[in-house]
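Fold and geometry: a report
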Amino acid sequence: MGISSRALFDLEIEEAIFRQQGLEEYRRHQLLNENQILKPGAGYALVKALLKLNQLTGRRFVEVVVMSRNSSETSMRIFNSIKHYDLDITRAVLSGGASLAPYLQAFNVSLFLSLHEDDVQAAVNSGAAAALLYQMPDSAMEELDQIRIAFDGDAVIFSDESERIYQTEGIEAFEKHERENALLPLPQGPFARLLLALSYIQNNFKNPDGHAAPIRTALVTARSSPAHERVIRTLRAWDVAIDETFFMGGLVKSDVLAAFKPHMFFDDQPGHCDRAASRVQTGRVPLKQSGESE
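The text that follows walks through the structure, step by step, so that each part is easy to find. On a predicted model such as this, the values are computed, not experimentally measured, just so you know.

**As for the sheet that holds strand E1 (residues 2–4)**
- The sheet built from 10 strands is open, its strands ordered E3-E2-E1-E4-E5-E10-E9-E6-E7-E8 with mixed pairing. The open sheet has two edge strands with one neighbour each: strand E3 (91–94) and strand E8 (244–247). Strand-to-strand twist across the sheet, computed as the mean angle between neighbouring axes with direction ignored, equals 25°.
- The pairing of strand E7 (residues 215–221) with E8 spans four bridges and is parallel. Note that in E8 the partner of Val220 across the bridge is Phe246.
- Here helix H7 (residues 117–125) sits on the sheet and contacts strand E4 (112–114), strand E5 (130–133) and strand E10 (282–284); the angle it forms with E5, its principal contact strand, is near 165°.

This is the structure in structure tokens:
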């Protein structure tokens, strides 16, 4: 997992200094305050929860890479904060202002989280699973016994093939297409690799009743009957079991998400993300821009 320093820690004051007063004043501020511990940021709770997996069996299921456009000179505050919170993070990319996207594959990053839209879009265009985080809601730091991650379906776990039909031709064409292709698995979307990785980890913590598993996943999709069948058959074909599935049929997702209490919810639609972001930690998944190669 790759995460920007601003997503891991609260660097909003520093971001404002950089944008309003420039690089030199930002550099001076960071050097003067490098022993001042940063507060947790929007992605902190998920990182902390995922790193706990490594403590359960002694196996390193998760590696976290802090990825920043800082130079090494201005990064000590980040490392001091990592040490303060006892986060088992040993890897970092400090690009000195250069794009972070070329280093995602080099570090085998399955998920990249950031509050910088340009970095997230570049990551998506390079073929990586990436999300733009919303600012942290009040409930984001609540301690949970399980790692809980919720996903939208089309254009997130699955490809945007069916979503494009819905957007261009309407609901009737979408439902007709899904009925006709019910037996054909949906193509993988940008977050399919992450879901498969989580499924692999879950299989290493199998519990007869399932309730004590350290990871719990949910699919929260706007689909409803008859478009449900293809989703179920696709997950069977992938040999992936999602713990909780909600076919919302156009209802607002935020109430269900508040009940599920995920560490993170991933969706591609700005409207769904905007409504969810005040209730649960949310990441928006941009569509890959046409003409970009992986």
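There is more to say after this.
**Focus on the nonpolar core**
- Among the nonpolar cores identified, the biggest contains 53 residues, and Leu8, Ile89, Leu113, Phe151, Phe191 and Phe266 are the most heavily contacted of them.
- By residue number, the principal contributor to this core is helix H4 (residues 44–57), which donates seven residues.
- Non-local contacts of Leu113, meaning those with residues more than four positions away in its chain, are made with Met1, Gly2, Ile3, Ser4, Ala7, Leu46, Ala131, Leu133, Met264 and Phe266.
- Ranked by size, the runner-up nonpolar core spans 13 residues in total, among them Leu104, Val109, Val124 and Ala128.

**Quick look at the pairing of strand E9 (residues 264–267)**
- Residues Met264 and Phe266 line one face of E9 and the alternating positions Phe265 and Asp267 line the opposite face, and both faces are buried.
- Pairing geometry for strand E6 (residues 147–151) and E9, over three bridges, is parallel. What sits directly across from Ala150, in E9, is Phe265.
- Of the crossover connections in this fold, the one passing from E9 over helix H13 (residues 270–276) to the parallel E10 is right-handed.

Parameters at a glance
- Residues numbered from 1 in each chain as written.
- Predicted model: local features only at pLDDT ≥ 70, side-chain atom pairs only at ≥ 80, totals over all residues.
- Heavy atoms only, no water.
- Pairing = 2+ DSSP bridges.
- Helix = DSSP H or I, 4+ residues; strand = E, 2+ residues; numbered from the N terminus.
- Axes fitted to C-alpha atoms, helices over the stretch in contact; angles between N-to-C directions.
- Contact = heavy atoms within 4.5 Å.
- Core = buried A, V, L, I, M, F, W, Y, C linked by side-chain atoms within 4.5 Å.
- Buried < 20%, exposed > 50% of the residue type's maximum accessible area, 1.4 Å probe, protein only.
- Right-handed = clockwise from strand over helix to strand, strands pointing away.

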